[in-house]
Structures are given as C-alpha cells and as structure tokens.
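A closer look at the structure
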Amino acid sequence: INKTNRAANPLCPLFTQMPMRGGKGAIDRTTFVCAIPSPPPAPLPPYSVKLTDSAVHLRWNNPDFSGDPPIEYNLQARGQAKLNGVWVSVGTYSKIKECWFNVVHLVAGVALQFRIRAANHGGWGDWSESSEFYKPYLNPIMPI
C-alpha cells in the first residue's frame, strides 16, 4: 500500500491494491481503490447491571453485522423533567470503546434514560432505542 495515497486521502481508511493489466496481458500498473465501510447498525438499548445512589453501570449489545466492527460509542442521557429532558452526551472525558460504561456523579432520586450509538471507519450509526428510566436510590439517613 502506497503511503502517499493514504496521506492524500485521509478519509479513506481501507485501501485495496488492484493490479491492472496492460495491452499485452502483463501487469503494468497498480490502482488503489478506496473501500469505505458502511456505518454500524444501532446497538440494542442500554440496560443497567448495577444501580447505586450515585451511579449506574450500563451495558449494551451490538446486533450481528458483517461489516467493519464498532471502534467507539457515544452515550447520551436525558431526564423525565422539563428542564432535563434534552439528550446530553455523557462520558465525554474518555472514548467509550467497550460495550459498557459506568455513569457516575448522578443525583439520587432523579430518573435518567439512556441511548447509545456506535462508530466504525464508515462513520456514526443510528441511535439505539431509549432505555428504561433508571433512578439512583436515596440512601436513608439513620437517626442518631
């Protein structure tokens, strides 16, 4: 693979070398074909495997897909109330590369819903269906 062609086409992650035959049947040149994979399908909705007073551990699964596998995920959350009903990305401080994520620093008693999308070399796929609402529980205060 010619590094010059890759540098000239940074949006093309996969190159294929194709030998081209000239008039006498001999290979006289090589053509580089850019193969751009299709984006991955939407993951299945995230679900909680552990819920505490300030965090939720989420997991999700990818549907069967014969194309380029996901290399990154984008997780979003929204609440039930009017003021927090807009989708907001969570986990932006690091790239999510696995099919799980711990959402921390949640407010106890405030229900949140989540959705996820995956990306590969073909770009970002569609958003998953929304999860159910998860509400970090309130820790009862013990009387003295």
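Throughout what follows, the structure given in this document is the object of discussion. (Residues numbered from 1 in each chain as written. Predicted model: local features only at pLDDT ≥ 70, side-chain atom pairs only at ≥ 80, totals over all residues. Heavy atoms only, no water.)

A word on the overall build of the protein
Quick note on the threshold: In this description a helix means any DSSP run of H or I spanning at least four residues, a strand means any run of E spanning at least two, and both kinds are numbered starting from the N terminus. The buried label applies to any residue whose accessible area, calculated with a 1.4 Å probe on protein chains only, is under 20% of its type's maximum; exposed applies above 50%, and partly exposed to all values in between. In what follows, residue pairs with any heavy atoms lying within 4.5 Å of each other are defined as contacts. Only the protein chains shown count as cover for residues, and all accessible areas are computed by the Shrake-Rupley method using a 1.4 Å probe.
Helix and strand content of the protein: one helix and nine strands. Helices (α) and strands (β) of the protein occur, in sequence order from the N terminus, as α-β-β-β-β-β-β-β-β-β. Buried positions account for 28% of the 144 residues belonging to the protein. Once local pairs closer than 6 in sequence are excluded, the contacts in the protein between residues at least 24 apart make up 58%. Total accessible area on the protein is roughly 9,700 Å²; 57% of this is exposed by carbon and sulfur atoms.

Comments concerning the sheet that holds strand β3 (residues 47-51)
Test applied: Any two strands with at least two DSSP-identified bridges between them are counted as paired. Between the N-to-C directions of two axes lies an angle of 0 to 180 degrees, each axis being a line fitted to C-alpha atoms and, for a helix, fitted only over the stretch in contact.
Strand order in the open sheet formed by three strands is β3-β4-β7, with antiparallel pairing between adjacent strands. For this open sheet the edge positions go to β3 and β7 (100-103), each flanked by a neighbour on one side alone. Taking the axes of each pair of neighbouring strands and ignoring which way they run, one obtains an average angle of 25 degrees across the sheet. Pairing of β3 with strand β4 (residues 56-59) involves four bridges; the strand directions are antiparallel. The residue of β4 that forms the bridge with K50 is H57.

Observations regarding the sheet that holds strand β6 (residues 88-90)
Sheet architecture is open: four strands sit in the order β6-β5-β8-β9, paired in antiparallel fashion. Edge positions in the open sheet fall to β6 and β9 (123-124), since each of these has one partner strand only. In the sheet, strand β5 (residues 72-79) pairs with β6 via three bridges, with the strands oriented antiparallel. Across the sheet, Q76 pairs through a bridge with S89, a residue of β6.

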